[in-house]
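Tertiary structure, described
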Amino acid sequence: MSQDSCLVGLIGSGIGPSLSPALHEREADRQGLRHLYRLIDIDALGVTPNQVGDLVRAARAVGYDGLNITHPCKQLVIAHLDELAPQAEALGAVNTVVFEGGRAVGHNTDVTGFAASFARGLPDAPLDRVVQLGAGGAGAAVAHAVLTLGGGHLTVVDALPERAADLAASLNRHFGEGRASAGTPDRVEEPLARADGLVHATPTGMAAHPGLPLPARLLRPSLWVAEVVYRPLETELLRTARELGCATLDGGGMAVFQAADAFRLFTRREPDVTRMLADIAELAGAAAARG
């Protein structure tokens, strides 16, 4: 049963530039839903990530319907929830919390968000061998999505070798031995030379972290490149890859599809994804123009 009003928030660090409030509120307005989406920035509040449980309890106490959770709280929040949806449990990360029947239930819409965006934007891309840069919270979700989509083998590369190794081991437990392996940035050239595609899931390319996540010489026209960063929609990596002739996928689709899935969980209403895709292009473009 849908509802007529909704109060939700986003908990994370440095989330002032987030486009999530506008995405959710625009779609709610079009549906005649009173929807307030608040930013709960732990930096602005002066609290640590380990205090995420206090924020979740406070939000539930004052009548929030749910929360989105982002870096660096996606794993830390799990200990403070009553239940996990299967996808969140398998992933060990939560990006959406729904308060229902006195219980806090954790979900993960990042996996389905990336999978839906990839299927829409790169429907015929080969997935026999894929290299992924980044093994953090977003990286774990994207890795699960790639293998769920039918990826043959995923090489997970991270500046923290133990993090890449842990994610690869988790993927092998979930999808079967031999589906994933770990790598380091200084040795990415060999697996990338044999790969069909590259997934980028680190902050490099964001406004605060400009630049390329790997040397441009490692890209080639036959390689598809998928990005998780959506501010800006065209990162330096995507621009460089496109100029070389690579098929590319920006991070806007993942942002929209994960938001749409969260909107559905919060409001029990069906979002119009086509409208939301137009919203993200407009919002991201306006943000880029403002600098």
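Cut-offs applied
Residues numbered from 1 in each chain as written. Predicted model: local features only at pLDDT ≥ 70, side-chain atom pairs only at ≥ 80, totals over all residues. Heavy atoms only, no water. Pairing = 2+ DSSP bridges. Helix = DSSP H or I, 4+ residues; strand = E, 2+ residues; numbered from the N terminus. Contact = heavy atoms within 4.5 Å. Axes fitted to C-alpha atoms, helices over the stretch in contact; angles between N-to-C directions. Buried < 20%, exposed > 50% of the residue type's maximum accessible area, 1.4 Å probe, protein only. Core = buried A, V, L, I, M, F, W, Y, C linked by side-chain atoms within 4.5 Å. Salt bridge = Lys/Arg side-chain N within 4 Å of Asp/Glu carboxyl O. Expected span 1.5 Å × (residues − 1). Left-handed = near helix turned anticlockwise from the far one by under 90°. Nonpolar A, V, L, I, M, F, W, Y, C, P; charged D, E, K, R; others polar. Parallel < 35°, antiparallel > 145°, perpendicular 65-115°, else oblique.

Comments concerning the sheet that holds strand β3 (residues 66–69)
With mixed pairing, six strands are arranged side by side in an open sheet as β2-β1-β3-β5-β6-β4. Each edge of the sheet is formed by a strand with only one pairing partner; in this case those strands are β2 (34–41) and β4 (83–84). Along the sheet face, helix α1 (residues 20–30) touches β2 and β3 and points at about 175 degrees away from the line of β2.

A few points about unusual backbone geometry
Look at the link from H71 to P72: it is a cis peptide, with omega at 5 degrees. By secondary structure assignment, the location of P72 is in the loop between β3 and β4. In this structure, the amide linkage connecting R231 to the following residue, P232, adopts the cis form with an omega of 5 degrees. If you check the backbone angles, R268 has positive phi at about 60 degrees while not being a glycine. R268 sits in the partly exposed class, given a relative accessible area of 40%.

Observations regarding the nonpolar core
In this structure, F114, F118, V146, L154, L171, V199 and W224 are the most contacted members of the largest nonpolar core, which totals 32 residues. Contributing elements (two or more residues each) for this core: α5 (110–121), α6 (137–148), β8 (153–157), α7 (161–175) and β11 (224–227). No other element matches α6, which puts seven residues into this core.

Observations regarding the pattern of salt bridges
Within this structure, the stated rule accounts for 17 salt bridges. Here D54 ties to R57 by a salt bridge, and the two come within 2.7 Å at their closest N and O atoms. On the criterion of helical spacing, the pair formed by D54 and R57 is a turn pair, its members being three residues apart in helix α3 (residues 52–61). Using a relative accessible area of 43% as the deciding quantity, one classes D54 as partly exposed. Look at R57 and you get partly exposed, because its relative accessible area is 41%. Here K74 makes a salt bridge to D110, at a shortest N to O gap of 2.7 Å.

Observations regarding helix α10 (residues 252–267)
For α10, spanning 16 residues, the distance from its first C-alpha to its last is 22 Å, which sits close to the expected 22 Å at 1.5 Å a residue. The element α10 is largely enclosed, with a buried count of 14 among its 16 residues. Within two residues after α10, R268 carries a phi angle of roughly 60 degrees, on the positive side.

Overview of the packing of α6 against α7
Here α6 crosses α7 at 35 degrees, and the two axes come no closer than 11 Å. Pair α6 / α7 crosses with right-handed handedness. On the side of α6, the interface is formed by G139, A140, A143, H144, L147 and T148, while α7 contributes L167, L171, H174 and F175. A class-by-class count of the residues in the contact of α6 with α7 yields six nonpolar, four polar and no charged.

Focus: the environment of A255
With respect to the helices, strands and loops of the structure, A255 is situated in helix α10. Given a relative accessible area of 8%, A255 falls into the buried group. Sequence separation between A255 and L23 is 232 residues, and the spatial gap between their C-alpha atoms is 9.3 Å. Other than its neighbours up to four places away in sequence, A255 contacts L23, Y230 and I280.

What to know about the packing of α1 against α10
Orientation of α1 relative to α10, taken along the N-to-C sense of each, is 55 degrees, at an axis distance of 10 Å. As judged from the angle between their axes, α1 and α10 are oblique. You can see that α1 and α10 cross each other, and the crossing is right-handed. Contacts from L23, H24, E27 and A28 in α1 reach A255, V256, A259, A262, F263 and F266 in α10. Tallied by class, the residues present in the contact of α1 with α10 amount to eight nonpolar, one polar and one charged.

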